[in-house]
Amino acid sequence: MPLGQRQGDNGEARYCGAEAAFSSDIQQSLSFALGGSFDFIVAPLTDPVYRPSKAQQDSEGSAIVPPFSGSDLVLSPSQWSSHIVGKISTWLDLDSPDALMRSDSETTLKQEAGWASHLSLQACLLPTPRPLSCGNYARCVNQVLQGLSNMQLWLRIPLVSPAMEAAQGTENEDLLFLERDEITGRFKNDTWEWWNMFRTLCEHHSQLSVALDITAELPAPNAIKRWIGEPLRAAILHTSAFLTNKRGYPCLSKQHQNLITTLFTHNVQIVISGDCLHQVDEPPPPSTDANSNGAEDVYHAKHPLKSYLEYVSHLYRKMDPPTEQERFEMGYRDFLQAPLQPLMDNLEAQTYETFEKDSTKYSQYQKAVRAALLDRVPDRKVATTTTVLMVVGAGRGPLVRASLQAAEETGRKLRVYAVEKNPNAVVTLHSLIKLEGWEDVVTVISCDMRRWNAPEQADILVSELLGSFGDNELSPECLDGAQRFLKKDGISIPSSYTSFIGPITASKLHNDVKSYADLAHFETAYVVKFHSVARLAPPQPVFTFDHPNLETLMDNKRYVKLKFELSPDTGSALVHGFGGYFDAVLYKDVHLGIEPSTATPNMFSWFAIFFPLRKPIYIPAGSVLELHFWRCVGPTKVWYEWAVTAPSVSPVHNVNGRSYWVGL
């Protein structure tokens, strides 16, 4: 049964499995685990004593049938696919110097993977590779991957290397931590390096994932954080990781608890592994005397790992349920969306409706207009002054409403011009004004703000033209064109905005882009609700635009060179691209934004923007990442170009806006 049920649950994280030993009766092993409330088992597919070379000798020329754990008929197809994760034999060593061992390992790997595929298993667990010496193993796994349909391969990687765990607290710990591989120069005991080498040899295949072994020792928090952006499917939680509480039951340290709950939020399935190290009292077996119906109670032995499952289930159930915003965002997590083209395209009603539900955004705008009105019109002039406010890009009217509510709060008089180029939205605007009785206050202008000749100048200019990167929906070009009808001392809301960018590990997003199999998609920016993404360094400011623009010669072209340093305890990492954000000053101290360190709470109008790299960039521990970023402006379009020059060099992406641009 699942770990628990919380409102909004829809992921695989609710399920917990147990690692089982080989049994020739896999039906009984599964029944025992399910009886202990586990959802699935990770079970060996063949007898661990099996070696193809020995079987060949014993068979005397007849066909070899590996000693599998029962035929495909012992379980139903749905049981195989829903309750069994195949465990590839752990004795395999495809990079052994012994040729016979390599041959036996390769044969067995392919036999077991073929059998698992025949059984329609959802996943198989691969044994841990040799540290930084896995060329042949990865080659054979890549061959298997080429022939798979839907099955995932989970590569078992320890979160902390066995050598580091053994040296914990000794004088050798620091020496081992800094030990480098003689050939590659990479840190030998950074297990992320083992994974990175293996998946690179396998061409970042989308069906190759990670299963992390979690034991008593944990690495630094930043080193753990790297894994969130990797294709992490399972966490194998060893019984040795558990402490003992006052009642003698297993429990986890705070650090382990935080890690497990983080994994839950990323749909990572938990597998309990190891011997029972906690002797928890069991209730006495029920009487076997015949009951009144003539039947007998049957006593089923308690699964030895049941108390660990109960604790993991407790951790899951005590998590806060998803908020309303999180439930709204779930369908968008790590899903690539093309940015809007607001000047070229007219938004649909559904898009307007989604944005209009964001009460937080319009509350911030209302605060900004309120503060601007109080500054603009002193109390002594309230009765004699009417403030001219223009909403440019009025849509279906939410900013008009927010502005009028601000005027009502402050007791100031307003004359509002609602300027909107979308004729369909203008229909709704007219209906809203009539419904609310605003005819004497609001004038609707069906026109592009850049081409409108205003009958008078505005005191306040209000707009919501911001994109996920601040300027990526051409707010600078629109407001530069509209500011001609703003008084010299007029106020623009927003008054400024700054884009931010930072390197991220985002394996899923990169594979999704790669699936298009063309250059154009790698040179396109995408709006994404980041979820299984690791931010490797704090985002840095990129471009700032101020309004009104007081420059004599307006030029919205920009260029910046940024240097990012990963935290020393992160270790090495892989950069799949860059996450873009913005922060806007609406007016004075009223701000709005999605930059992670200052993001406006409970706001969902904007997700981050993702700038992919054609090839991921490997960042060795302690090195600096250098990014070049351009905002380019042509007669008919605006586009971005980006390139990395350290620690390795990438091509300049999107030259001349050949793949991605925003039309003027």
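Here the structure is a predicted model, which is why all the values come from computation and not from measurement. (Residues numbered from 1 in each chain as written. Predicted model: local features only at pLDDT ≥ 70, side-chain atom pairs only at ≥ 80, totals over all residues. Heavy atoms only, no water.)

## Examining the sheet that holds strand β20 (residues 558-565)
Across a sheet, paired strands are connected by hydrogen bonds in the backbone, their directions being either parallel or antiparallel. To be explicit about the condition: DSSP calls a pair of strands paired once it identifies at least 2 bridges connecting them. We count a stretch as a helix when DSSP gives it H or I for four or more residues in a row; a strand needs E for two or more, and each element gets its number in order from the N terminus.
Pairing is antiparallel in the open sheet, where four strands are placed in the order β20-β24-β25-β26. Taken across any chain shown, the strands that pair with only one partner, and hence form the sheet edges, are β20 and β26 (662-663). Pairing analysis gives eight bridges linking strand β24 (residues 624-633) to strand β25 (residues 637-646), with the strands arranged antiparallel. Bridge pairing links Val-633 to Val-638 in β25.

## Re the UniProt feature "binding site: S-adenosyl-L-methionine" (unreviewed entry) in the protein chain
For clarity, the threshold we go by: UniProt positions are given in the numbering used here, feature names are shortened, and annotations may be inferred rather than shown by experiment. Whether two residues are in contact is decided by their heavy atoms: any pair within 4.5 Å suffices. Exposure categories follow from relative accessible area, calculated using a 1.4 Å probe and restricted to protein chains: below 20% of the type maximum is buried, above 50% is exposed, and the middle band is partly exposed.
In the numbering used here, UniProt assigns the feature "binding site: S-adenosyl-L-methionine" (unreviewed entry) to Tyr-352, Lys-361, Tyr-362, Glu-420, Asp-448 and Met-449. In terms of the greatest pairwise C-alpha distance, the residues named above, spread along 98 residues, do not form a single cluster, extending to 23.6 Å across. Its location among the elements puts Lys-361 in helix α14 (residues 359-376). Apart from the residues within four sequence positions on either side, Lys-361 is in contact with Phe-355, Glu-464, Leu-592, Met-603, Ser-605 and Trp-606. Residue position: Tyr-362 is located in helix α14. Given a relative accessible area of 10%, Tyr-362 falls into the buried group. Excluding residues within four positions of it along the chain, Tyr-362 makes contact with Phe-355, Glu-356, Pro-398, Leu-399, Ala-402 and Glu-464.

## Points about the sheet that holds strand β14 (residues 458-463)
Short version of the rule: Angles shown run from 0 to 180 degrees and are taken between the N-to-C directions of axes, each axis being a line fitted to C-alpha atoms and, for helices, limited to the stretch in contact.
Spatial ordering of the open sheet is given by β13-β12-β11-β14-β15, a layout of five strands whose pairing is parallel. Only two strands of the sheet have a single partner each, and these edge strands are β13 (442-446) and β15 (486-493). Direction aside, neighbouring strands of the sheet carry axes that sit 25° apart on average. The pairing of β14 with β15 spans four bridges and is parallel. Paired with Ile-460 across the strands is Ile-491, a residue of β15. Set on the sheet, α14 makes contact with β11 (386-392), β12 (413-420), β14 and β15; between it and β15 the angle comes to about 150°.

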